[in-house]
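Coordinates in review
In case you want the letters, here they are:
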Amino acid sequence: MGVVSWLEAALLGLVQGLTEFLPISSSAHLRILGPLLPSGVDPGASFTAITQLGTELAVLIYFRHDILRILRAWFASLAPGGRRGGMPADARMGWLIIIGTLPIAVLGLLFKDAIETSLRNLYITAAMLMLFALVLAWADRRGRKTRDLQTLSWGHGLLYGLAQAMALIPGVSRSGGTITAGLLLGYTREAAARYSFLLAVPAVMASGLYQLVKSWGVPGPVAPGPTALATVIAFGVGYGVIVWFLRIVSSRSYMVFVYYRLALGALLFALLGAGLLAPH
């Protein structure tokens, strides 16, 4: 039986939807918020991965035309003679997403136990929030911001993937890692954000479905009903965040997220130091 109430699950789903696509780490927010709720428990890595199915469904719907176009071109490129005259840009994007997904798939399997246990230590989360805030600030100020996705190379696709894999540690942020990598590689803010959304689809969907199957029928801190509610709320809120984020990202810097990460990391260290939160 789960100990997290329906209301708490709804709040966790709201936070997941609000934070998934912003460079502030949704997994860190769920990890921090859980112990502060009346139930006082960490909802766990499985709950986080399953609720991300809701936010990724929002990505699938929002980018449905892009995704369908990429899939058609990619499958066409597999047919005999499909690459005659050079590989189409959409087919190439499909291969780049596959290449970019490999690091998180491999590292996720290799470090699965640590991801679900020791890496959820809140001292690590606080440190990652602050450290990668500084990296994001440096990237946002120093990046050339001239490249678009048409110039994305195979090597850059792999580097994006390695940056995404770092988000296996709560506090790093999947979108924050990939956006930071994109800025450092010279891509525009909008291009970095769009590729971050597309790159996340296979990895997050696979992780969420894996955790869903793995946890099916196994008692956990959040029961199936509240988990489903949180996932639905995450979908609705996440869709709104995508629309808002892509509208502002081309003209605004990421510094507001940098300041937020630094403040949250400092607050988390203070709560841990005061004994108001336990690290595990």
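The sections below set out a description of the structure shown in this document. (Residues numbered from 1 in each chain as written. Predicted model: local features only at pLDDT ≥ 70, side-chain atom pairs only at ≥ 80, totals over all residues. Heavy atoms only, no water.)

What follows deals with the environment of L96. Take L96: it is sitting in helix α5 (residues 89–110). Its relative accessible area of 1% is what places L96 among the buried residues. Sequence separation of L96 and V59 is 37 residues, and the distance between their C-alpha atoms is 18 Å. Other than its neighbours up to four places away in sequence, L96 contacts L152, S153, W154, G157 and Y195. (Helix = DSSP H or I, 4+ residues; strand = E, 2+ residues; numbered from the N terminus. Buried < 20%, exposed > 50% of the residue type's maximum accessible area, 1.4 Å probe, protein only. Contact = heavy atoms within 4.5 Å.)

Topologically, E56 is positioned in helix α3 (residues 44–62). Buried and unpaired, E56 has R174 as its nearest opposite-charge partner, separated by 4.7 Å. Contacts of E56, omitting those with residues within four sequence positions, involve E20, F21, F197, A200, V201, V204 and M205. (Lys, Arg positive; Asp, Glu negative; His and termini not counted. Salt bridge = Lys/Arg side-chain N within 4 Å of Asp/Glu carboxyl O.)

With that settled, the discussion passes to the packing of helix α9 (residues 174–184) against helix α10 (residues 189–215). For the pair α9 and α10, interaxial distance at closest approach is 9 Å and the crossing angle is 135°. Judged by the inter-axis angle, α9 sits oblique to α10. Where α9 crosses over α10, the handedness of that crossing is right-handed. Contact residues: R174, S175, T178, I179, G182 and L183 in α9; R189, A192, A193, S196, L199, A200 and V204 in α10. Split by residue class, the contact of α9 with α10 holds 7 nonpolar, 4 polar and 2 charged. (Axes fitted to C-alpha atoms, helices over the stretch in contact; angles between N-to-C directions. Parallel < 35°, antiparallel > 145°, perpendicular 65-115°, else oblique. Left-handed = near helix turned anticlockwise from the far one by under 90°. Nonpolar A, V, L, I, M, F, W, Y, C, P; charged D, E, K, R; others polar.)

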